[in-house]
Structures are given as structure tokens and as C-alpha cells.
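# Inside the fold
Chain residues, written in single-letter form:
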Amino acid sequence: MQRLPGSQPFGSAPLAPVVSQPSMLQPYGPPPTSAQVTAQLAGMQISGAVAPAPPPTGLGYGSPTSLVSASGSFPNSDLYGSYAQGQAPPLSLTQSHPGVQPPQRSAPPQASSFTPTAPVGPRMPSMTGPLLSGQGFGGPPMSQPNHVSSPPPQALPPGTQMTGPPGPPPPMHSSQPGYQLQQNGSFGPARGPQPNYGSPYPGAPAFGSQPGPPQPLPPKRLDPDAIPSPQLNELPPQQKTRHRIDPDAIPSPIQVIEDDRNNRGSEPFVTGVRGQVPPLVTTNFLVKDQGNASPRYIRCTSYNIPCTSDMAKQAQVPLAAVIKPLARLPPEEASLYVVDHGESGPLRCNRCKAYMCPFMQFIEGGRRFQCCFCSCINDVPPQYFQHLDHTGKRVDAYDRPELSLGSYEFLATVDYCKNNKFPIPPAFIFMIDVSYNAIRSGLVRLLCEELKSLLDFLPREGGAEESSIRVGFVTYNKVLHFYNVKSSLAQPQMMVVSDVGDMFVPLLDGFLVNVNESRTVITSLLDQIPEMFADTRETETVFAPVIQAGMEALKAAECAGKLFLFHTSLPIAEAPGKLKNRDDRKLINTDKEKTLFQPQTGAYQTLAKECVAQGCCVDLFLFPNQYVDVATLSVVPQLTGGSVYKYACFQVENDQERFLSDLRRDMQKIVGFDAVMRVRTSTGIRAVDFFGAFYMSNTTDVELAGLDGDKTVTVEFKHDDRLNEENGALLQCALLYTSCAGQRRLRIHNLALNCCTQLADLYRNCETDTLINYMAKFAYRGVLNSPVKTVRDTLITQCAQILACYRKNCASPSSAGQLILPECMKLLPVYLNCVLKSDVLQPGAEVTTDDRAYVRQLVTSMDVAETNVFFYPRLLPLTKSPIENTTEPPAVRASEERLSNGDIYLLENGLNLFLWVGASVQQGVVQSLFSVSSFSQITSGLSVLPVLDNPLSKKVRSLIDSLRAQRSRYMKLIVVKQEDKLEMLFKHFLVEDKSLSGGASYVDFLCHMHKEIRQLLS
């Protein structure tokens, strides 16, 4: 029988015999081919070779005939083998995706047993940015996610079954110097036989010339002392990082991402099976909806949740879902079906009000159905009745989206509308700051010019010829100016409201108009605004009264809508919501630091609450030259489901492209207005906490004045009863909203998860990217009420508890000097370190209070792909691949060690885009890209590359365009020369290195985590 891959299957006994237990049975694939075996003997590096992986089926592990995936089920967790004291152990072949062989390197791997190139086993949680190339540390791969894609380390002979995660193939290193490989994959003096592992699994071939009986597959591990033993901390830092652990031997996000793309990018992800872990967010894949919502709509931190709250507390893995209800789908995937049940409306459970879905059980010949959420028996209305087939399924199940798909929409009846009246189409109101700063910077002229053409691109439904959205215009400084742009007027009329303390809308008729009907009047107004205020000397502005005015206008028109506010300075004029400059860097690292993130006054929360009740969403575009108190000004956008955009020290020539691109995208987004979202769960768990840009007046309903396709709502679940493995757990997210055309709709997303009684199953089905998304949001909310140091310590402790629980309950016994990581969490340390070093939790000297508040509110509603690349940026070498190769170059790890001074690199994190130029780049490359003859002539800080007619220039510009197209905000380019003063800014994004603000390097943080885990275990 095979020994578990470094992880021990179940909780209690330190190492139970691996007898097959039904819950963990895993069939293994065909026996290894001779080529595989030879490759292993040859040096363990099979780097390029990839055996064709069997197509994934069912859960992520593959059918009985498929290869086992190393990742999840092998002891991959143990992936990082232990290294012996002064030398790195030879690599053992184990970790990889099914079907893929680990890469080969000729030199023995260093420190941990993972080779940087080795494909990693379990599939990582989704991330967008570059993933770390991580591999699991030496623990068993218990945590392999259920994805089919990891190549198995090596297939067992047919018929062999094991319980735990399958172990890695036995490495054969008989000819290697140093100690012989031990049974558990460590190198070092052999230990006596381990209990319960008397003989090899039946039929195991004896590989290589190893004397003695063959041994069970060893898990991969780090050498016992390679990852820090406590004395390590006494070494000088350079020595510690340089000589003790080779950065190539620790899990690499890049490798994990690459392996997932290779293993899971070619086949569609079919959602018909409960509890499948989807491909990573960094992998391009198509989704086929067969009963569960696509991962584009919902991603979970784990797809196999503990049956009891005690087990959940023991593991400390947060159970959360990141839900993006209006996510945009790629053109290859069909948009959601809209179901119209007429006046009767959608069918629901009488008790818990869940909507009809594929998991409801029809009984009594189809006359009744049992609710899958609360078990209540409901009558089927006569008009919905249909007979059942011999399996108990309705014969029309595949004709009805709500009985066969995970996501679909219902047309809502009048009962779902405010005041029992169908809604009027929404309106957009443009509110433009015309104070001295806005006029002088050229912002007002630029904006008015752009709006003339942008108004032709308002969002519209389906094939509508024109948008149903009406528009209105307001300008302001210390007072507000409303404009009548009624189509019958020859010229627009201005009305001034100077009593900002008691705001009212001075006109109703002619304020909100149809663009096409009033086009000439609107154009005339947009031409006149920059001239009217050209000579203004007014520097003071108001802010709260502007929002109040927009909300009152929507209320008078009895419709929902969005305010687009363009604002430049701290609102210090006498008016409600007046603010003072309270910026104080001396508060950083004190108990009062949290006040920098809190709003100055409660007035904006009250205003936001009124906006939500009216369905008034606010998008704020800020153009500050100094402190504007983003923490306070962003309260209304945040609570109404809106967005904040910030352009510090705005200059038309440098920032116009970024601002106009963001504005165009923001105006054309499909938005759901006046929305309410509720998440229902089956008995045993319930939603207890919510993160995102929304308002909640009770504990269950998420209220959103507006919700667009980029925003997510993150929901945390806790147990309120025991779950059972057979039934699993169900989530249903229902979003009621008004479309851009004024139609009231219900969008439903359903997801079924597995439940487990063994911790190993939990750890094998986690998604690190989603876990990091949740942990970042949890921490970023924590800074509002706790000192930043407390928040950081809480994150580190939770991460250590998650990994210590795995080590204690799932990994096979091994020396305390080994760091063992679950396969699908091997990137947890590197990603968590990136969160800890982020500007919100550990600001550098150049980061302003406004920047921190801005990033804090941005991350709150990011999806998993966005947080992935935001915390671990993508670094792409541009001159390594042939010029004729137009595909995106493979990323490298975000560390200065990976930069070569003869190359050029692009770095992006979803908000920033840098082009780093090495000092010894070839002259021809400099000429082709920048049209200058030498490195010294390149302008540092350049934000636009010259348009040149040569292959390299075209390739780089097209790559930049494609990176921008993948992100929800326009990334402004900054050219950085090696050794230039701007390089400090660039290095801030090389997150595997030590940061200037005191953040640890990846290697040092891994050592620190190992120390924390050892303390918990001892």
C-alpha cells in the first residue's frame, strides 16, 4: 500500500495505516510507461515532457483510468522536501499535474524540494496576476484541489487504491551523492522502519538500483534544517537568504500558473459535478453550465467544507464565496436565459423563499417538490406541473433553464417593484466642479468636449437602437448651477442655487432629457461651460450638497440613476459635509492610525443611506493636487455600489488618455440599479458576514443603489448545525435589480459544494487565490477599528494555524525541521506576505494617506483575478522571446534577481504599468522602441511609446494594449531606466524582495511562517 503523500489522511492517529477508507478512495491510472521510469532514473527532471493528460472527468481527480493528480492527492503537500544541512536534496519527481511530468533540472534542486519548473500539483486558487510559482512544501499533497489537472507524479499499477492523497512517485536517486533517499522523501541518515509501512505497495516495481525492498512513494519535503530552524534567525540576513534557501526551491507562483494553464486551459470547465475546484483565474478557459454557477460568477475559498463547526474551527480555513453577480462573460459563452413565468412570477419555496433551481426534488409524480434549502414540501402550481421520468426527474428539465442550469434570470412581476409600480428607466447626472483648479488644469474643457461624443454610447439593452437613459447637467463650486436643456429651447438656461444648506432642485421639466431629442441644446451647453467659468477665481468647493441635489432630482423624477461627480479639492466651503485637513503622518504605527481610514463626519453615511433608498449610485472622479480626504469623500460611492477614480496632480497632456479611457468604460458599463441581493444556504451553514461596496440595513439583505459587472460581494459562512457528506451544501445568490432599460429582473446563481469529515479533503479542495481575496478584504476592513499591527499579526496567526493544522492532521510524520505545505496552499505564504507588505498595511514613506484610503476601498470590491495580480504583479521579459512570436511572453517571478540589465521588462498589477529598461540593452532595441540612439537619451518617466514602424515596437505596443484590455481600469505607462530615481517606485512592486518600508522578503517570510507553525505544534 502506498504511503500518503506527506499528508496523513485523517485527524486522529498520527499516522494511521493507509487502508482504504471510502471517503478518500482514489483510483489510480495506468502503470508508468517505460519512458516515464527512465526519465525518472535519469535525473528526475522531466522538465519539458508532458504526458497527455486524460480529460478531466467528474471531480477533479479524473476517472479511474486517469493518472492520479499529483497535486491533490499526493503527498504533494510535502512537496518541499527537506534539505539536508548544507546541501540541497536531490529532487524527487513527485509533484505535478496529472499527466504532466515534473520538469527536469540538471542541478539538484535547492533547498526545498520543489523545482522551480516543476509543474505544480493541485490547482491553485484562482488568481489573476502572475501566480507565484509555488509548490507545496513538503507536506502531503493532501490539499490538492480537486482539479484534474495536476499531472500525477507517477501512476500506480492498476488496481492499487490508496486512501489519502496519492504520494509522489518514488524518486530514484540511487546514483546521487550524499545520503540515500529515505522512505519519507527526506535525505539524511536512514531511520528505522515506520509503523504500518512494512512493505511496498503491491506490485511496485523496484526502481533503480536501490538495494532492499522497494519503498512506498515518498512525499516531497524540504530538508529538515533547510527551512529555518530557530538558530537560523541568528544568521546575518544576507547569509540567511543567500545560502540557506535557494529562491528557486520554494513554491513559485509563476510555475503554478503555468502548470494550471497547461493542464486545464484546453478543456472546457463543465459545472455538472458538485464541489469541483475550477481552473485558476489566471487560466483562460471556457465554462459549460450544467447545473452549477460558473466560477466567473462565484468562487469559493473551499469546495469541500467541513461537516461540523468544530472541524472548521480546528482548520481555521475561512469559508467564504466571492460573488460577482453581473460578471461579463466572454463572447464564446452564451448570455443568461431570461425566464418569463407571466403574472404568477417565479416559483419559490413557501417557507425559505428560495427560487426554483436544479437541486429542488420533485415528488408524488411531480405534484409537489421538496425544497433543497429548508426541506419544506411545496405544492407545484397547476400551470407548472409536469410528469417525472423513471429517474424521478421532470421530463421537461432540459427545456427549463431553472431546472438545468446554475445561472439564469427571471422577469420580475410588479410585486418585486418599489411601491408596486414598474420602474422608469434610470438617469445619469453629470456634476462638474468648475472651481479654479478644475478650469486651470484644463479638466473642464477636456470633459465637456468628450461628453459630446460619449453621450452616444450610453448603455442600452440587447438590440435597442438608442439608450433609454436620460441625462442632466449640474456645475458647482461654492454654489450649484442647474441647466434646463429641454429640446424646445434655442439655448440652455442656467438656474443657480446658492442656499447649499437647504438643497432643492429648481426645475423638473427640462432637467433630465433624452439625448437625441435635446442634442443641439446639450452640445451648446457643453461648448459654453468652459467659457462661462474661464475667468473664475473661486477656489472653494462644496461636496455633500452636490450629491444631495442629484439624489433629489432622481427622487423628483421617480427613477433610479447614477451621479458622475468630477471633483478637485477638499470641500472647505461653509456647507453640510464641510471637511478640514486632518492629514497627519505622525499617526502611522500608533493606535490612532485607524482614524486616518475613518470618515471625519457621520454626515456622509446618512447621505449614503438616503441615496440607497432612492437607487442613486455615485461614481466619483477625483483630481486632487493635495490632500482631499478620500476616506470621507469615498463613503457615498462605497455605500451606494459606486466607484472612485483618482488622478493626482492631473495634467491634460499626461493624464488625459487614462481619465478618458476610465470615463468611457465607466459610462458604458452595464449596471443593475436599485438592487437587493440575498444569499440563501441549505441547512447547516448560513451567511454571517459581507464585504464590498454596498449598504446593509439588516443582517441578510445587501442593498446596492447600483451594481456593475466589475463589482463583487464577498460572503463568509459559518456553521449553525451539522452538515452531511451525502447531501453536501448549497448556496443560492438572488439579485433583484432594474436593468438599463427599466426592466425589473431577478438573477439567480446556484452552487453545490461537497462536505467532508476528514480534514485532508478540506485541504485538497481549497483555492488560495480566493482565500487571499477574502483575507485581504477582512484585513482592510480591520484597519478601520484596530491598530494596523494587530491586523497584520492576526493574518499571520491565522495563516500559521491553517498550515499547522494541516501539518498535524494530514501530513505524514516527519522532522520538525521540515516545512510542509498543502499542495493547493503552497502559495499561501508568498501571497499573504504580499498582502502584509501592501500600502494599506505597511506604507512606505512616499505613500500618502489618500493613496492608502483609495486602495483600501478599491480592494473591498475587487474580484479574485484583480486581487491576484494586484498583490503579486506580473513581470514580463520583452526581449527574450523571438520578435515574430506575438503571444504574451511567459512571466518571471517578481524579484530583482530575475531582472537582467540587458533586457526590457513590463510590470503590471491592474492599476500600474511600468516598462523597465536595463542599462546594457542593445542599441538596436533602444532605437527600435524609443527612436533614440542610446540608453542615456531615453526620457525617464515617459508615458507614451513612439509609434514606430518596426516589429519590436509593434509587438510591445500591442502587448501593452492587450494588458490594458484585460483590466477594468486604464493603466498609465511609466518608463523606468535602471539606476534612475524612478526605479525605487518600480522596485516597490517586486514583491518577493524585502521592501523599503520593512516588509520581509518571500524567503524570510517563509522562514518566519515555519517558526510560527513549529511554535503552534510544540
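The structure presented is a predicted model; accordingly, all values stated were derived computationally and were not measured.

Attention now moves to the confidence of the model for the chain. It should be kept in mind that the predicted coordinates are not to be read in detail where pLDDT is low. Per-residue confidence for the chain gives a mean pLDDT of 81, with 76% of residues at or over 70. Predicted confidence for residues 1–243 stays below pLDDT 50, and this span has 881 contacts to residues more than four positions away or in other chains.

Attention shifts here to the packing of aromatic side chains. Enumeration according to the criterion identifies 29 aromatic pairs in this entry. With 4.6 Å between their ring centres and 5 degrees between their planes, Phe621 and Tyr645 make a pair best called stacked. With Phe621 in strand 18 (residues 616–622) and Tyr645 in strand 19 (residues 644–646), the pair connects residues that are 24 residues apart, well separated along the chain. Just as Phe621 is buried, Tyr645 falls in that class too. Where Phe650 meets Phe659, the ring centres are 6.0 Å apart and the plane angle is 90 degrees; that geometry is what we call edge-to-face. Summarising the burial analysis for this pair, Phe650 and Phe659 share the class buried. Counting every residue linked through ring pairs, the aromatic cluster contains Phe566, Phe621, Phe623, Tyr645, Tyr647, Phe650 and Phe659. Of note, Arg969 hangs over the ring of Tyr645, and the distance from its end group to the ring centre comes to 4.1 Å.

Here we have 4 strands laid out as an open sheet, ordered 5-7-23-21, and antiparallel in their pairing. Whereas interior strands pair on both sides, the edge strands pair on one side only; in this sheet they are strand 5 (298–300) and strand 21 (685–691). Across the sheet, the mean angle separating the axes of adjacent strands is 25 degrees when strand polarity is ignored. Inspection of the sheet shows strand 5 paired to strand 7 (residues 320–323) by 3 bridges, in the antiparallel sense. Among the inter-strand pairings, Cys300 is bridged to a residue of strand 7, identified as Ala321.

This next bit is on the sheet that holds strand 11 (residues 377–379). One open sheet holds the 3 strands; their spatial order is 9-10-11, and the pairing between them is antiparallel. What marks the edges here is a single partner per strand, and that holds for strand 9 (361–363) and strand 11. The sheet shows a mean angle of 35 degrees between the axes of neighbouring strands, taken without regard to direction. Pairing between strand 9 and strand 10 (residues 368–370): 3 bridges, direction antiparallel. Bridge pairing in strand 10 links Phe362 to Phe369.

Rules used throughout
- Residues numbered from 1 in each chain as written.
- Predicted model: local features only at pLDDT ≥ 70, side-chain atom pairs only at ≥ 80, totals over all residues.
- Heavy atoms only, no water.
- pLDDT = per-residue confidence, 0-100.
- Contact = heavy atoms within 4.5 Å.
- Phe/Tyr/Trp six-rings, centres within 6.5 Å; stacked < 30°, edge-to-face > 60°.
- Helix = DSSP H or I, 4+ residues; strand = E, 2+ residues; numbered from the N terminus.
- Buried < 20%, exposed > 50% of the residue type's maximum accessible area, 1.4 Å probe, protein only.
- Lys NZ or Arg CZ within 6 Å of the ring centre and 35° of its normal.
- Pairing = 2+ DSSP bridges.
- Axes fitted to C-alpha atoms, helices over the stretch in contact; angles between N-to-C directions.

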